[in-house]
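# Observations on the three-dimensional arrangement
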Amino acid sequence: MRKILRIIPVVLVVVGMYLAGRSMMYYAKGAATRAFIVKAWEETKENKEDTSPWGWADFHPVTSMTIPELHIDCIVMDKISDEALVYGPGHLSTSPLPGEHGNVVIAGHRDGEFRKLKDIAAGMMIELETKSDTFSYKVTEIDTASGSDIFWMDKTKKDCVTLITCYPFYYTGKADKRFVVRGELEP
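Now for a description of the structure that goes with this document. (Residues numbered from 1 in each chain as written. Predicted model: local features only at pLDDT ≥ 70, side-chain atom pairs only at ≥ 80, totals over all residues. Heavy atoms only, no water.)

### Topic: a nonpolar patch on the surface
On the surface, a nonpolar cluster with roughly 470 Å² of combined accessible area is contributed by I7, V11, V15, Y18 and L19. In this structure, V11 sits in helix α1 (residues 2–47). Taking relative accessible area as the criterion, V11 reaches 43% and is therefore assigned partly exposed. (Patch = residues over 30% accessible without salt bridge, like charges linked within 9 Å, V, L, I, M, F, W, Y side chains within 5 Å. Areas by Shrake-Rupley, 256 points an atom, 1.4 Å probe, with all protein chains shown as cover. Salt bridge = Lys/Arg side-chain N within 4 Å of Asp/Glu carboxyl O. Helix = DSSP H or I, 4+ residues; strand = E, 2+ residues; numbered from the N terminus. Buried < 20%, exposed > 50% of the residue type's maximum accessible area, 1.4 Å probe, protein only.)

### Some words on the pattern of salt bridges
If you walk through the whole model with that rule in mind, you get 7 salt bridges. Residues E42 and K45 are paired through a salt bridge, measuring 3.5 Å at the closest nitrogen-oxygen approach. Here E42 pairs with K45, and both are found in helix α1, just 3 residues apart, close to one helical turn. Connected through shared salt-bridge partners, E42, K45 and E129 make up one network.

### Quick notes on unusual backbone geometry
Here the residue pair Y167 and P168 is connected by a cis peptide bond, since its omega of 5° sits within 30 degrees of zero. You can see P168 is positioned in the loop between β7 (160–167) and β8 (177–185). Of note in the backbone geometry, K48 takes a positive phi value of approximately 60° without being a glycine. Within the fold, K48 resides in the loop between α1 and β1 (61–67). A residue is classified by how much of its surface remains accessible, and K48, at 46% relative accessible area, is partly exposed.

### Focus: the nonpolar core
Core analysis: the biggest nonpolar cluster contains 23 residues, and M65, L117, I120, I126 and L163 have the highest contact counts within it. Of all the secondary-structure elements, those providing two or more residues to this core are β1, β2 (72–77), β4 (103–107), β5 (125–129), β6 (134–146), β7 and β8. Among the nonpolar cores identified, the runner-up in size contains 8 residues, and I37, W54, I75 and A84 belong to it. (Core = buried A, V, L, I, M, F, W, Y, C linked by side-chain atoms within 4.5 Å.)

### Considering the pairing of β7
On a regular strand, one side chain projects to one face of the sheet and the next to the other, so that they alternate. Across the 8 residues that make up β7, a large majority, 6, are buried. Pairing of β4 with β7, which is carried by 5 bridges, proceeds in the parallel orientation. Directly across from I106, in β7, lies its bridge partner L163. The pairing of β7 with β8 spans 8 bridges and is antiparallel. If you follow I164 over to β8, its bridge partner there is V180. (Pairing = 2+ DSSP bridges.)

Structure follows, in structure tokens:
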């Protein structure tokens, strides 16, 4: 019995170290991934050519997005796929890119950078930087919609950006609603 009592603290320390190490590994992996994506974005801007963050990635950065009041500063991938959305928001490939005419649609997970959208307000600025220019959009609409309401992704006569994420923000599981933010291009 004494042997077992002496072993218990050792087992607890080993299990604790394993769990702490595993958590640190995930943070380190996230930091390394972010560094690769930032490097790919910098190379994309410098060379004016799309650059993948790593050789086997089936996505690449197309724009960076900042919303200063919400401390959002992220890089947007070229597609809305499961793999790409793990690393940040994605651009709906059937919508125009910033600088092109129409409705630029960007979607992201509510448990990532887009969680900060819960505090967005009309009049805030959304900045989208491309390979060669920066475009500013002023928030004009904030709404919640059914997940089946896809009219937010429709073409528009005005140049705008539409940000979409699942809603409610702190819900666990599949959400049936979407939180939608629209901003119009500033002249």
